[in-house]
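Architecture at a glance
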Amino acid sequence: MTDLIESVSRNENHTVVRLNGEIDLHRSPELHHALVDLCNEKPRRLIVNLSKVQYIDSSGIGSLVDVFRRLKRGGGALFLVSPSERVTSVLEITRLNEFFTIVADEQQALSA
Amino acid sequence: MDDVTCADAELTIRCDPTALADVRQRVRGVAEPIGFADQDVSNIMLAVDEAIANVIRHGYGGPCDEPINIRIQRVSMDEAAAIQITIRDFGKQVEPDCIVGRSLDEVRPGGLGVHIIRTVMDDVVYSPADDRGMRLVMRKKYVP
């Protein structure tokens with residue numbers, strides 16, 4: 001694991017990745033690479049826990065959009081879990097809060 | 001030109017994304033004493049971050065050793081306190097009218113930075129700077 005990727009847990013249907021820290025142009029390539037690797041495992045659900053992400057910019061948001069599209073092409077789904085107020089604000093400014101499936105906790109993503 | 005007070009900040013960074021976290025903290029250091037709420041401080045940091053990221057990606061075409069000058073000031077705007085951030089680069093010049101945010105109806109990665117900057121800040125002015133590079137001056141008014 002890294003400073004950014006706190007943990008990854010998998011079962012046959014879903015993958016849960018917990019992120020941590022600040023995601024900007026410096027860190028987003030690492031995020032994108034890690035999430036694309038997880039996409040390539042073809043989980044039915046990729047659950048990205050954002051509760052410990054204190055900051056995200058458009059490069060980080062762009063990584064999430066790309067991952068969403070990759071998953072969808074393979075029949076999978078992306079869930080964003082518990083984004084902080086700051087992350088939610090960026091999603092609202094870019095109107096991507098209307099695009100992503102955002103849930104309050106990981107259990108909600110697992111049972112959706 | 002406004003005077004630089006002791007609370008203001010001037011810094012020169014290299015065209016490198018590793019500098020962004022430090023710049024954000026410098027923005028916070030000027031914005032918080034003005035009285036901006038935490039969410040506004042975050043949004044101002046985001047706008048500055050996006051502007052510098054655009055310089056790195058588009059102005060200079062990627063990380064390099066070229067400089068980016070940043071000035072963060074407390075100023076007056078419509079008789080209210082405001083924050084003004086000036087970002088000067090020495091990269092590619094662009095016609096200011098061409099610097100527009102893209103439509104949000106198309107969902108795809110990239111192209112959101114200018115939209116964020118113009119949404120968050122009250123006043124955003126791009127201009128060609130002397131013989132090379134661009135100058136961006138953006139301001140946000142403090143509303144108690």
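Procedures and definitions
Starting afresh in each chain, residues are numbered from 1 along the sequence in its written order. Both sets of labels track the order of writing: A upward for chains, 1 upward for ligands. Confidence filtering applies because this is a predicted model: local features only for residues at pLDDT of at least 70, side-chain atom pairs given and counted only at 80 or more, and all residues used for totals across whole chains, interfaces and linings. The secondary structure listing takes helices from DSSP runs of H or I that are at least 4 residues long and strands from runs of E that are at least 2 residues long, numbered from the N terminus. The length a helix should cover is 1.5 Å for every residue beyond the first. As a rule, residues whose C-beta atom has 12 or fewer other C-beta atoms within 10 Å are exposed, those with 20 or more are buried, and those in between are partly exposed; C-beta atoms are placed from the backbone. The pairing criterion for strands is at least two bridges between them, as found by DSSP. Orientation is described by axes fitted as lines to C-alpha atoms, over the contacting stretch for helices, and by angles from 0 to 180 degrees between their N-to-C directions.

1. Quick word on helix 2 (residues 38-59) of chain B
Residue and element names in this part refer to chain B. Between its terminal C-alpha atoms helix 2 stretches 30 Å, which fits the 32 Å expected from 22 residues at 1.5 Å a residue. Within helix 2, 17 of the 22 residues are buried, which leaves the element mostly enclosed by the surrounding structure. Just downstream of helix 2 lies Gly61, where phi reads positive at about 75°.

2. A short note on the sheet that holds strand 3 (residues 45-56) of chain A
All names here are of chain A. Reading across from one edge, 1-2-3-4-5 is the order of the five strands in this open sheet, with mixed pairing throughout. Because the sheet does not close on itself, it has two edges, and the strands there are strand 1 (5-10) and strand 5 (101-103). On average, each strand axis in the sheet is tilted by 25° relative to the strand beside it, whichever way the strands run. The pairing of strand 1 with strand 2 (residues 14-23) spans five bridges and is classified as antiparallel.

3. Side note on the pairing of strand 4 (residues 123-128) of chain B
Walk down a regular strand and you will see the side chains alternate between the two sheet faces. Pairing of strand 4 of chain B with strand 5 (residues 134-141) of chain B involves six bridges; the strand directions are antiparallel. Along strand 5 of chain B, the bridge assignment pairs B:Pro128 with B:Met134.

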